[in-house]
Amino acid sequence: MSSHHHNSNNNTSECIPMLMKSTSNDITLTPSSSAPKNEKFSSPHKFYDMRSLTTKSSSGSSNGSSSTNGIIINNYGINNKNSFMTRICCHMMKGVQRNIQKCVAALVLISFFSIIFFTQYMDSSSPLVGLIHRDTKPMPLIHCQTLNKSPSDPSQTHDHRSEARLRIDSKVLVFVETTYSKLGREIAEELVYNRIKYKIEVAGKSLPVLTNLDKGRYGVIVFENLDKYLSMDKWNRELLDKYCREYSVGIVGFMSASEETLVGAQLKGFPLYVHTNLRLRDASLNPSSPVLRLTRAGDTAWGPLPGNDWAVFQHNHTTYEPLEFAQKNTLDYPNDGGIQPPLTTVLQDHGKLDNIQRIYFGAGLKFWLHRLLFLDALSYLSHGQLSVSLNRMILVDIDDIFVGERSTRLKPDDVHALISTQSRIAEMVPGFRFNLGFSGKYFHHGTKEENLGDDMLLRNVDKFTWFSHMWNHQQPHLYDNLTVLMNDMMLNKEFAKLKGIPLNSGYSVSPHHSGVYPVHELLYEAWKKVWNVKVTSTEEYPHLRPARLRRGFIHRNIMVLPRQTCGLFTHTMYIDRYPGGRDKLDESIQGGELFQTIVYNQINIFMTHMSNYGSDRLALYTFESVIKFLRCWTNLKLSSSPPLQLGDHYFKLHPDESDPIWGNPCEDARHLKIWSRNKSCDSLPKFLVIGPQKTGTTALYSFLSMHPSLASNLPSPDTFEEIQFFNGNNYYRGLDWYMSFFPLQNATTSNSVHIGTPSGSSTNARYFFEKSATYFDGDLVPKRAHQLLPNAKLVVILISPAKRAYSWYQHTRAHGDVIANNYSFYQVITASDTAPKPLRDLRNRCLNPGKYAQHLERWLAFYPAQQLHIIDGEQLRLNPIDVMNDLQRFLKIAPLMDYSNHLRFDTKKGFYCQVLNESRNKCLGKSKGRIYPEMDEKSTKILQRYYLSHNTALVKLLKKLGSRPIPTWLKNELSTTT
């Protein structure tokens, strides 16, 4: 038995050299004992060290052979007696070679069919797609220790409010390195997103005014670069620290990245040390920190943290308390396997050293958790004055129910998943229901299984809330006829009645947001008449991007709420086709854009599509995941309500948004696509004559109307040549109403004209202008005008403000004003603030428009100086020809009109009039050019003193604007007053 075993092992050993055969025909196994130690593994054809595989034979050997696990190997060669077995081994090796060839051929075939399979898998329209089983539906994998604990528990949140907040305004002062610095912009964006007021200052300059009477103007001071605070000059540093101590104002500082790496460097003036330019991972929070309010501790943000320029803090004083920790990245900083102590990345200074509380960030806002902590820092350091609400309301709209091509619609299993996911979300978001928007025309237009899905939706109609889309999914802005639009809506309403779909939601959404904004008036009218719509939503107001600036408004008593996107669109049905892959979607969910959208907005209406709930059911995965992640990391109290209640709540939170701001559809490519077809960019004025009143604006209007290349608006039945759109209730009538005063057929002429470079304009068109003298001193007018007409040029006429005030008083007397006819001019301009309101109103209309510099500054806050033309009203009266030539050059009108052939001084009227022929003039009406009694001396002196500071400010402004001559009347008034 032992001999047989010995031979068997020898036979096996003789096949081994064949596998290790080199270019040499002679194969030699050299014993490992003879291999030089310094050449071990250096030449595998010379030496084979077998010691790692051998054990010493229990029987030993004395004939020059060694035992290797029972395999006997001759030290000097292979015995010829085993040649038969060697041939058997060789034959076996040839068999192995043939098997390898077969395997290679099989792999080629498998690869070929895999490519075919993948092609059919990716093509949802392929006839073979039904034979391929897809199981790529992602499942929510969000888990944390706090997931099942209610975030509404008051014990988990801190109330930062204290009496100290009453001494400061809810505003943030932000010091940036430059006006274009990246972190500074991110800080500003974060504040805008959360509707927190702020002021930006470039560090290194003088401090702004910090107090207003006995109240601090700022609740928190933020330094984009902490070093700018530490290195402030002594005077400013002492002034700022004194303000912070006196008003209990805290400081937030961010460590700035730099090329120099600091190791244990001490912060100037503090027992605090920093290490910089680190790469970190696995962030966690200090659950006992009093700063945490919005942010929820208890979990770890696993994985590498963004950036390689992190700073960590070390301290040895009780004033400091860590707020956030992280670990060293073990790939960069290998350790011996021991537990590494956490590193402090965000640190709170309780102010025990100098009575100033501070919070230091070791990195900027690229890390999503820092965005939450920054909001908590503002809340804590402002004593609750800058706290954001913890209540969040969520509504998820599913557009296009019953709409969609075959193989993209819902099947019964998808409807089951929709209902079960809704139940799970409702456990975390009380009152949650999916809100389904339907287009009845496409009911039962899918495959047999998809039609069963349609039926299942209707069998469960009471489990959802419903709203009407368009019957045929047509965009409403394409309708020019109200009756046709209403008939299509009625078809959807009859379908809803037939199928038992509720009709009383008071909510509707337009396909592609068409007609909502820019407003298509027919849509609003049809909505009210057919569906009694009271609330809608859009992502287009005022623009789609940036999302942080989306707002709401009210038009025709319909509340328009901002609608949010979640990263899912009609075509995103499969996880493997998601742009950027699943990692990109998860990034949005886990601290990214979708997560932040809910954090920053108290009311969230999300747009999704029916196709997002079939196939891989990405919408179900997305919303269940983000809600779980919110519960893990925030103390937000989530809830849901029907759209009408959301609308009421939204405008209670933001009453200032109820008034719309009409933008120019021609400035936004998306808006142009959903703007009514019968509208034109040319139906808007290219310049405005903005006043003020009683300075000669009507005369200028008449001179401009003579120009063959210009066209004014149609007259208003109420305000004559003035539309007065931007400064009164007419603004709420909407853009369609305003544009109706500028019909294109009124601007057609054979004369060639050019004003600036208006886009898409015809060379044979007259260009519109508008004159409304009340625009000049309207508080909201510059902002409104700029939103609609950002490229318009502005024309202003200025005369002596005292003369203007007196002229207005006489104008109101001539028109029978009761107050003006019962009070002298002196009594009017000296009326106190306790006088009757009608008297105070007349006083203000006399005096306020004459504060020229103040009103011009407001216009210049929106329009650049090169779009503003100031006319000296005295020169317009005395020398209108030169004035009109200058104005034409400013407007860049070509060809120029020679006004010397069209204007002539009228001796009877005392001013220039239009020439009709050699003997006749056409002058303004009797109400223009009146001769009034001279102003009394007391009133003259009162007004000289009253307007002294305003006239001085006007001179400074004109000099600042450059190339603006100082009017003679202004020089005279200042010299007289002096």
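What you are looking at is a predicted structure, and each value in this text was computed from that prediction instead of being measured.

Engineer: Which residues make up the overall build of the protein, and what values do they have?
Structural biologist: Looking only at helices and strands, one finds 28 helices and 33 strands in the protein. When the 978 residues of the protein are sorted by exposure, 51% land in the buried category. Of all intrachain contacts in the protein linking residues separated by at least 6 positions in sequence, the fraction that spans at least 24 positions is 75%. Accessible area for the protein stands at about 47,400 Å²; split by element, carbon and sulfur atoms hold 53% of it.

Engineer: Lay out the packing of helix α19 (residues 801-814) against helix α22 (residues 837-847) with the relevant residues and their values.
Structural biologist: Following both chains from N to C, one finds α19 and α22 inclined at 135 degrees, their axes separated by 8 Å at the closest point. Here α19 lies oblique to α22, going by the angle between them. Counted together, R804, A805, W808, Y809 and T812 of α19 and L842, R845 and C846 of α22 form the full contact between these two elements.

Engineer: Outline the sheet that holds strand β22 (residues 558-562), supporting the account with residue identities and numerical values.
Structural biologist: Taken in spatial order, the three strands line up as β20-β22-β21 in an open sheet, and their pairing is mixed. Lying at the two open borders of the sheet, with one neighbouring strand each, are β20 (535-538) and β21 (553-555). Within this sheet the neighbouring strands show an average axis-to-axis angle of 30 degrees, counted without direction. Across the sheet, helix α10 (residues 521-531) lies against β20, β21 and β22, angled at about 115 degrees from β22, the strand it touches most.

Engineer: Tell me what's going on with the sheet that holds strand β27 (residues 710-712), and back it up with residues and numbers.
Structural biologist: The parallel open sheet is built from five strands, whose spatial order is β27-β28-β26-β29-β30. Two strands in the sheet have a free side with no partner beyond their single neighbour: β27 and β30 (868-872). Here the average twist between neighbouring strands, direction ignored, is 25 degrees. One ladder, built from three bridges, connects β27 with strand β28 (residues 767-771); its direction is parallel.

Engineer: Give me the lowdown on helix α3 (residues 182-193), citing residues and values where you can.
Structural biologist: If you check α3, its first and last C-alpha atoms are 16 Å apart, about what 12 residues at 1.5 Å a residue would give, namely 16 Å. Taken as a whole, α3 has its buried residues at L183, G184, E186, I187, A188, E190, L191 and Y193. On its buried side, α3 packs onto β3 (171-176), β4 (197-202), β7 (220-223), β8 (250-254), α6 (368-381) and α12 (593-600). Just downstream of α3 lies R195, where phi reads positive at about 55 degrees.

Engineer: Break down the state of the cysteines for me, citing the residues and quoting the values.
Structural biologist: A covalent bond bridging the sulfur atoms of two cysteines is what the word disulfide describes. Counted by the stated rule, this structure contains three disulfides. Two residues share a disulfide in this structure: C144 and C632, whose sulfurs sit 2.0 Å from each other. Where C144 bonds to C632 through sulfur, the torsion about that S-S bond is close to -95 degrees, and the disulfide is left-handed. Separated by 488 residues along the polypeptide, C144 in the loop between α2 (83-122) and β3 and C632 in helix α13 (residues 618-633) bring together distant segments of the chain. For C632, a relative accessible area of 1% corresponds to the buried category.

Engineer: How would you explain the pairing of strand β26 (residues 687-691) if you had to name every residue and give the values?
Structural biologist: For β26, the tally of buried residues reaches five of five residues, placing the bulk of the element in the interior. Direction of pairing for β26 relative to β28: parallel, over a ladder of three bridges. Directly across from F687, in β28, lies its bridge partner F769. Sheet topology places β26 next to strand β29 (residues 793-798); four bridges connect them, and they run parallel. For L688, the partnering residue across the bridge sits in β29 and is L794.

Engineer: Explain the confidence of the model for the protein to me, using residue names and the numbers behind them.
Structural biologist: With 84% of its residues at a pLDDT of 70 or more, the protein shows a mean pLDDT of 87. When the criterion is pLDDT under 50, residues 121-125 qualifies, and its contacts beyond four places in sequence or with other chains add up to 13 contacts. Predicted confidence for residues 749-764 stays below pLDDT 50, and this span has 41 contacts to residues more than four positions away or in other chains.

Engineer: Could you give me a rundown of the side chain of R409, with the residues and numbers involved?
Structural biologist: Within the fold, R409 resides in the loop between β17 (391-401) and α7 (412-428). For R409, a relative accessible area of 2% puts it in the buried group. For R409, the side chain forms a polar contact with the main-chain oxygen of F402, separated by 2.9 Å. A distance of 3.1 Å separates a polar atom in the side chain of R409 from the backbone oxygen of Y442. The contact partners of R409, leaving out residues within four places of it in the chain, are F402, V403, G404, D414, Y442, F443, H444, H445, G446, E450, D454 and M610.

Engineer: Talk me through the packing of aromatic side chains; I want residue IDs and the actual numbers.
Structural biologist: In total, this model carries 53 aromatic pairs according to the counting rule given. Between F313 and Y360, the ring centres sit 6.1 Å apart and the planes meet at 35 degrees, which makes this aromatic pair tilted. With F313 in strand β13 (residues 310-315) and Y360 in strand β16 (residues 358-361), this residue pair connects regions lying 47 residues apart in the sequence. Judged by its relative accessible area of 3%, F313 falls in the buried class. Residue classification places Y360 among the buried positions, given a relative accessible area of 2%. Here the aromatic rings of F434 and Y613 are separated by 5.6 Å at their centres, their planes lie at 80 degrees, and the arrangement is edge-to-face. One end of the pair, F434, is in the loop between α7 and β18 (435-438); the other, Y613, is in the loop between β24 (603-609) and α13, with 179 residues separating them in the sequence. Overall, the relative accessible area of 0% leaves F434 in the buried class. On the basis of relative accessible area, Y613 is assigned to the buried category, the value being 2%.

Conventions used here
- Residues numbered from 1 in each chain as written.
- Predicted model: local features only at pLDDT ≥ 70, side-chain atom pairs only at ≥ 80, totals over all residues.
- Heavy atoms only, no water.
- Helix = DSSP H or I, 4+ residues; strand = E, 2+ residues; numbered from the N terminus.
- Buried < 20%, exposed > 50% of the residue type's maximum accessible area, 1.4 Å probe, protein only.
- Contact = heavy atoms within 4.5 Å.
- Areas by Shrake-Rupley, 256 points an atom, 1.4 Å probe, with all protein chains shown as cover.
- Axes fitted to C-alpha atoms, helices over the stretch in contact; angles between N-to-C directions.
- Parallel < 35°, antiparallel > 145°, perpendicular 65-115°, else oblique.
- Pairing = 2+ DSSP bridges.
- Expected span 1.5 Å × (residues − 1).
- Disulfide = S-S within 2.5 Å.
- pLDDT = per-residue confidence, 0-100.
- Polar contact = N/O pair within 3.5 Å; in protein donor to acceptor, adjacent residues only side chain to side chain.
- Phe/Tyr/Trp six-rings, centres within 6.5 Å; stacked < 30°, edge-to-face > 60°.

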